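# Commentary on secondary and tertiary structure
Chain by chain, the residues run as shown.
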Amino acid sequence: MSVVSRLDTIATVGRDPSSGGYRRLAWTDADLTLREWFASEASSLGLDVETDRNGNIWAWWGDPSSGDAVVTGSHLDSVPDGGNYDGPLGVASALDAVGELQRRGVQPRRPLAVACFTDEEGGRFGVACIGSRLATGVLTPERALALRDVDGVTFAEALTRAGRDPHALGAESERLKRISAFVELHVEQGRGLIDLGHAVAVGTAILPHGRWRIDIGGQPNHAGTTRMADRRDPMVVFARLVLAAQAEASARDIPTRAARATIGKVSCTPNAVNAVPAHVTGWLDARAEDEETLDALLEAIARDIATPGITVTVTEESRTPAQYFDVTLSEHVAGLMPGTPLLATGAGHDAGVLAEAGVPSAMLFVRNPTGISHSPEERAEDADCETGGQALADVLADLLTADTLPR
Ligand code: GLV
Ligand code: MN
Ligand code: MN
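Values in this document were obtained by computation on a predicted structure and should not be read as measured data.

Right, let's get into the packing of aromatic side chains. For the coordinates displayed, the defined rule picks out four aromatic pairs. Judged by centre distance (6.2 Å) and plane angle (10 degrees), the rings of Trp 58 and Trp 60 are stacked. Both rings, one in Phe 117 and one in Phe 182, keep their centres 5.8 Å apart while their planes meet at 80 degrees; by these two values the pair is edge-to-face. Placement of the pair is Phe 117 in strand β4 (residues 112-117) and Phe 182 in strand β5 (residues 179-187), with a sequence separation of 65 residues. Summarising the burial analysis for this pair, Phe 117 and Phe 182 share the class buried. Here the aromatic cluster, defined as three or more aromatic residues joined through ring pairs, consists of Trp 58, Trp 60, Phe 117 and Phe 182. In this structure, Arg 35 packs its charged tip against the face of Trp 27, placed 4.0 Å from the ring centre.

Take the side chain of Asp 233 next. Among the structural elements, Asp 233 can be located in the loop between β8 (221-222) and α8 (234-252). Buried charge without a partner: Asp 233 forms no salt bridge, and the closest opposite charge is Arg 231, 4.8 Å away. Looking at Asp 233, its side chain comes within polar contact range of the main-chain nitrogen of Met 235, at 2.8 Å. Excluding anything up to four places from it in sequence, Asp 233 contacts Val 276, Pro 277 and Ile 310.

Looking now at the site of ligand 1. Every residue lining ligand 1 is accounted for by Glu 121, Arg 211, Arg 287, Ala 347, Gly 348 and His 374. In this structure, Glu 121 approaches ligand 1 through a side-chain N or O atom, which is 3.1 Å from an oxygen atom. Gly 348 places a polar main-chain atom, nitrogen or oxygen, 2.7 Å from an oxygen atom of ligand 1. Relative to its free-state accessible area of 190 Å², ligand 1 is covered by the protein chains to the extent of 93%. Tallied by class, residues from the shell around ligand 1 come to one nonpolar, two polar and three charged.

A word on the domain arrangement of the protein. The domain boundaries assigned to the protein delineate domain 1 (3-206 + 322-401) and domain 2 (209-320). Just the C-alpha atoms count here: the centres of domain 1 and domain 2 sit 32 Å apart. Approximately 790 Å² of surface area, both sides summed, lies buried where domain 1 meets domain 2, with 36% of it carried by carbon and sulfur atoms. For the pair domain 1 and domain 2, the number of links is zero salt bridges. If you look at where domain 1 meets domain 2, you find seven residue pairs in polar contact (both at pLDDT 80 or more). Split into classes, the residues belonging to the side of domain 1 that touches domain 2 amount to six nonpolar, five polar and four charged.

Looking at the manganese ion (ligand 3), one finds its protein donor set to be Asp 86 (OD), Glu 121 (OE), Glu 121 (OE) and His 374 (NE2), positioned 2.0 to 2.5 Å from the metal centre. Here the donor residues of the manganese ion (ligand 3) share one chain and are spaced in sequence as D-x34-E-x252-H. You can call Glu 121 buried: its relative accessible area is 6%.

This part takes up empty space enclosed by the protein. Counted according to the given criterion, the structure contains one cavity of 30 Å³ or more. Its boundaries defined by the atoms lining it, the largest cavity holds a volume of some 60 Å³. In terms of lining residues, the largest cavity is bounded by Asp 31, Arg 35, Gly 55, Ile 57, Leu 76, Asp 77, Cys 116, Phe 117, Thr 118 and Asp 119. Elements with a contribution of two residues or more to the lining of the largest cavity: α2 (29-44) and β4. Its residues placed into classes, the lining of the largest cavity shows four nonpolar, two polar and four charged.

Counting residues in hydrophobic clusters, the biggest one holds 55 residues, and the most contacted among them are Phe 38, Leu 89 and Leu 364. Here the element with the most residues in this core is helix α12 (residues 382-401); it accounts for nine residues. Those residues in contact with Leu 89, other than ones at most four positions away along the chain, are Val 3, Leu 7, Leu 185, His 186, Val 187, Val 366 and Cys 385. Core analysis: the second largest hydrophobic core is formed by 23 residues, Trp 212, Ala 245, Leu 294 and Ile 301 among them.

With that settled, consider the coordination of the manganese ion (ligand 2). Surrounding the manganese ion (ligand 2) are the protein donor atoms His 75 (NE2), Asp 86 (OD) and His 186 (NE2), at 2.1 to 2.2 Å. If you list the donors of the manganese ion (ligand 2) from N- to C-terminus, the spacing comes out as H-x10-D-x99-H. Metal-to-metal, the separation of the manganese ion (ligand 2) and the manganese ion (ligand 3) is 3.5 Å; Asp 86 coordinates the two. Taken together, the residues His 75 in strand β3 (residues 69-75) and Asp 86 in the loop between β3 and α3 (88-104) connect sequence positions 11 residues apart. Since its relative accessible area comes to 0%, His 75 is described here as buried.

The next thing to look at is α2. In a regular helix each residue adds 1.5 Å, so 16 residues correspond to 22 Å; α2 covers 23 Å between its end C-alpha atoms and thus fits that length. Every buried residue of α2 is accounted for by Ala 30, Asp 31, Leu 34, Arg 35, Trp 37, Phe 38, Glu 41 and Ala 42. Buried residues of α2, seen end-on, are gathered within an arc of 160 degrees and therefore sit on one face of the element. Residues Asp 29, Glu 36 and Ser 44 are exposed on α2 and point more than 90 degrees away from its buried face. Residues of α2 that are buried in the fold lie against α1 (3-8), β1 (48-51), β2 (57-61), α3 and β4. The positive-phi residue at the C-terminal boundary of α2 is Gly 46, with phi of around 85 degrees.

Before going further, it helps to examine the pairing of strand β7 (residues 209-217). Of all the nine residues making up β7, seven are buried; the element is thus mostly covered by neighbouring parts of the structure. In this sheet, strand β11 (residues 279-288) lies alongside β7 in antiparallel orientation, the contact comprising nine bridges. What sits directly across from Arg 211, in β11, is Asp 285. With nine bridges connecting them, β7 and strand β12 (residues 311-320) associate as antiparallel partners. Counterpart to Ile 214 in the pairing with β12 is Val 314.

Definitions and cut-offs
- Residues numbered from 1 in each chain as written.
- Chains lettered and ligands numbered in written order.
- Predicted model: local features only at pLDDT ≥ 70, side-chain atom pairs only at ≥ 80, totals over all residues.
- Heavy atoms only, no water.
- Phe/Tyr/Trp six-rings, centres within 6.5 Å; stacked < 30°, edge-to-face > 60°.
- Helix = DSSP H or I, 4+ residues; strand = E, 2+ residues; numbered from the N terminus.
- Buried < 20%, exposed > 50% of the residue type's maximum accessible area, 1.4 Å probe, protein only.
- Lys NZ or Arg CZ within 6 Å of the ring centre and 35° of its normal.
- Lys, Arg positive; Asp, Glu negative; His and termini not counted.
- Salt bridge = Lys/Arg side-chain N within 4 Å of Asp/Glu carboxyl O.
- Polar contact = N/O pair within 3.5 Å; in protein donor to acceptor, adjacent residues only side chain to side chain.
- Contact = heavy atoms within 4.5 Å.
- Near = heavy atom within 4 Å.
- Areas by Shrake-Rupley, 256 points an atom, 1.4 Å probe, with all protein chains shown as cover.
- Nonpolar A, V, L, I, M, F, W, Y, C, P; charged D, E, K, R; others polar.
- Domains from an automatic or database assignment.
- Buried area = accessible area lost by both parts, 1.4 Å probe.
- Donors = N, O, S within 2.8 Å, 3.2 Å for Na, K, Ca; no water.
- 1 Å grid on protein atoms, 1.4 Å probe; cavity = no way out; pocket = protein on both sides within 12 Å on 5 of 7 lines; lining within 4 Å.
- Points joined across faces, edges and corners; volume = space filled by probe spheres on them.
- Core = buried A, V, L, I, M, F, W, Y, C linked by side-chain atoms within 4.5 Å.
- Expected span 1.5 Å × (residues − 1).
- Arc of directions from axis to C-beta.
- Pairing = 2+ DSSP bridges.

Structure representation (structure tokens):
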């Protein structure tokens, strides 16, 4: 098999025919189908598959209890109308790399696992990397279980419906201690590799980022009888929020110092065509080069939208500091591919969460010729997917057979 043929076997799972995008939200039927697919692919490679207390799946080649493990993998869930590669490319490449190592006759000196982390995108319950954050303990079970999707279903209910025990959630410090190297391959999600003439890069860091819910309250009123001067319209302030996010981030987003702000989700109450709304909620995703810029961006946006007669409440739903991949491991990985560029990214990843918790982690990025992601237009050339898969196999072969792992 190849990386691309493995991806092809799941090409229809969760695909929405009207948008062409994938709707593989955590613990939905599409996600459950992909979990079964993964378990079956891993079993046919002779791997032992287990699902941990947080729903993350681990497929082992070798005995996990011996420690000093090498782990690779990514996630299978998507954002609503996501692309074909964000997550599954890393999983398919990991499975393919195991097949390749077995074909090469590699004799591992330590165990290897292919991992699929649960709900990396936070597309359903609002918090990203739920599986890895529960494992590292930065997300508590109490907080996770109370999260709700747009239909009001709690994370606890979704787990129960999927046949999981919601009371089992919790940190996995012993499991994480047994991992000596985690290498996640992922499609590059911006224009980072387009001009560099390379199919693969090694990751360096993830920008500080977070999500904020902005509740805007006004005076619900009649659309025909309320004079314009008398209105307290939260939709107008929401419109200013969108423009403020755009303007304040653009002013700070210079080539050497990134700043990004997005309002990608909104809800309006009562959502009636002939009524000034009572309430509008917008969700702000903001990311920046450093914590100071992120703070300044948030403060500027809040200042820009302050309006007499309108209440604005900002609630932080998640915030992640800058995450740095392990320098020794990343340099070692880059050294196996001379000339490979190094790239930081504005996208969040489970590898960042594990790195923050002290698990030596590195990333490989595969070129994205459109520079588009979180969209049906996300792309990776077939040849680049195979180059990435081979690069991952080479890295894993090195790590599995080295006398000692890079430290
Ligand atoms: C995950 O892909 C994120 O960065 O939102
Ligand atoms: Mn991803
Ligand atoms: Mn993503």
